[in-house]
Amino acid sequence: MAEVIVVENEDAAGELVAGAIRELITARPEAVLGLATGSTPLPVYRAFARSLAARPLDVSRVRGFSLDEYVGLPDGHRESYRAVISRDVVAPLGLTPGRIRVPSGDPAGLPTAGADYEQAIVDAGGVDLQLLGIGRTGHLGFNEPGSSFASLTRVKTLTPQTRADNARFFDSPAEVPIHCITQGLGTIMRARHLVLLAFGHGKATAIAAAVEGPVTSSQPGSAIQLHPHVTVVVDEAAAGRLTNLDYFRYAWANKPAWQGI
Ligand code: GLP
């Protein structure tokens, strides 16, 4: 069973997870972070930036692999995940740009981009801590319902729901690409620690399906049930449909401090 931690708000989630990232990098300055985009992980990046400002830590050797990218956005498009990661993560945290990778959504390189990305993650020694958000369709990264639990980085077609959800970042819904390149569920499952965050009522159904629902590719988030080290950090609203909520609260309240998250 995944560990579920219910926090008061997004800031508290950010502090908790940033603390775990800080501990990881302190112990292992070459740590490999699995980075996620979307609005959900932003409180983590902000809290970690605050923590670094208050107590400097050498993050120059940290490596990072982002989950996914749109296919075919013009180079430098401000909503390409490459641009988002550089703006929201690399710059504020002072990471070394050459050590942070995002899958390439350049149409010309797509036939080999997935395999190249997989090899780069393997060469880096694998991901230590993977941040994850979850889409309303239950997707992790851009692994839409039906994605194989064994899938690796490859091109996928976004569902109309996901395109509509992400249209808020673009000038018009039509501008949202139809295709993406995303780490597979199999790629994500190789990370040594998964940290899935979710906030708000809109995520409650996807969280309940991921944590307590049947393990099925129709709910890509449910793949986390097959992983040995998962931490789910949610606010009350996103936790609202969990059946075992009392148990999760009880387990967290009684967790030995030395275990961390
Ligand atoms: C996108 C990303 C996912 C993210 C999801 C949820 O589709 N590819 O990685 O988890 O959106 O986004 P948000 O965190 O903004 O709700």
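Going along each chain's sequence as written, the residues are numbered from 1 onward. Local features in this predicted model are restricted to residues of pLDDT 70 or higher, and side-chain atom pairs are both shown and tallied only at a pLDDT of 80 or more, whereas totals for entire chains, interfaces and linings draw on every residue. Neither water nor hydrogens contribute to the side-chain values; these are computed over all heavy atoms in the structure.

1. Focus: the side chain of Thr153
Here is the rule: Counting from the N terminus, the helices are DSSP H or I runs at least four residues long and the strands are E runs at least two residues long. Exposure is judged per residue with a 1.4 Å probe applied to protein chains only, and the accessible area is read against the type maximum: over 50% gives exposed, under 20% gives buried, and values in between give partly exposed. Distance and chemistry together define a polar contact, namely a pair of N or O atoms within 3.5 Å, with one atom able to donate a hydrogen and the other to accept it when in protein, and with adjacent residues in sequence counting only for side-chain atoms on both sides. Throughout, a contact is declared for two residues whenever any of their heavy atoms are within 4.5 Å.
Within the secondary structure, Thr153 sits in the loop between β6 (129–132) and β7 (154–157). Residue classification places Thr153 among the buried positions, given a relative accessible area of 8%. A polar atom in the side chain of Thr153 sits 2.6 Å from the side chain of Glu118. Leaving out residues up to four positions away in the same chain, Thr153 has contacts with Gly114, Tyr117, Glu118, Ile181, Thr182, Gln183, Gly184 and Thr187.

2. Examining the sheet that holds β7
Hydrogen bonding along the main chain pairs the strands of a sheet, whether they run parallel or antiparallel. The following threshold applies: Here, a strand pair is defined by DSSP locating no fewer than two bridges between the strands. Axis definition: a line fitted to C-alpha atoms, limited for helices to the stretch in contact. Angles are taken between N-to-C directions and run from 0 to 180 degrees.
The antiparallel open sheet is built from three strands, whose spatial order is β4-β8-β7. If you trace the sheet from one side to the other, it starts and ends with β4 (68–70) and β7, each paired once. Here the average twist between neighbouring strands, direction ignored, is 30 degrees.

3. Observations regarding the site of the ligand
Note the following rule: Working definition: residue near molecule or strand if any one of its non-hydrogen atoms lies within 4 Å of it. Note on areas: Shrake-Rupley, 1.4 Å probe, and residue coverage restricted to the protein chains presented here. As a working rule, the residues Ala, Val, Leu, Ile, Met, Phe, Trp, Tyr, Cys and Pro are called nonpolar, Asp, Glu, Lys and Arg charged, and the rest polar, with Gly in that last group.
Near the ligand, the surroundings consist of 13 residues, among which Ser39, Thr40, Asp68, His139 and Lys203 are the closest. For the ligand, an oxygen atom lies 2.7 Å from a polar atom in the side chain of Ser39. One of the side-chain nitrogen or oxygen atoms of Thr40 is found 2.5 Å away from an oxygen atom of the ligand. For the ligand, whose accessible area on its own is 390 Å², the fraction buried by protein is 94%. Looking at side-chain class alone, the shell around the ligand contains three nonpolar, seven polar and three charged residues.

4. Focus: the nonpolar core
Keep this limit in mind: Here, nonpolar core refers to any group of buried Ala, Val, Leu, Ile, Met, Phe, Trp, Tyr and Cys residues whose side-chain atoms link them within 4.5 Å.
The biggest cluster of nonpolar side chains holds 78 residues, and the ones touching the most others in it are Leu131, Ile224 and Val232. Per element, the largest residue contribution to this core is seven residues, and it comes from helix α1 (residues 10–27).

5. A look at the environment of Gln259
Inspection of the secondary structure puts Gln259 in the segment after α9 (245–253). Residue classification places Gln259 among the partly exposed positions, given a relative accessible area of 40%. For the pair formed by Gln259 and Leu242, sequence separation is 17 residues and the distance between their alpha carbons is 24 Å.

6. Regarding the sheet that holds strand β9 (residues 193–198)
Sheet architecture is open: seven strands sit in the order β1-β10-β9-β6-β2-β3-β5, paired in parallel fashion. Both outer strands of the open sheet, β1 (3–7) and β5 (100–101), are each paired with one neighbouring strand and no more. Relative to strand β3 (residues 63–66), strand β2 (residues 32–35) is paired through four bridges, and the arrangement is parallel. Considered in β3, the bridge of Leu35 is made with Ser66.

7. Some points on the packing of α1 against helix α2 (residues 42–54)
Where we set the bar: Angle categories: roughly parallel below 35 degrees, roughly antiparallel above 145, roughly perpendicular from 65 to 115, and oblique for all the rest. Crossings are classed by handedness, with left-handed meaning an anticlockwise turn of the near helix from the far one by less than a right angle and right-handed meaning a clockwise turn.
The contact between α1 and α2 brings their axes to 7 Å, and the two run at 60 degrees. It follows from the interaxial angle that α1 and α2 lie oblique. The chirality of how α1 crosses α2 is right-handed. Counting all contacts with α1, which are made through Glu10, Gly14, Glu15, Val17, Ala18, Ile21, Arg22 and Ile25, the residues of α2 involved are Pro43, Val44, Ala47, Phe48, Arg50, Ser51 and Leu52. Class assignment of the residues belonging to the contact of α1 with α2 gives a composition of nine nonpolar, two polar and four charged.

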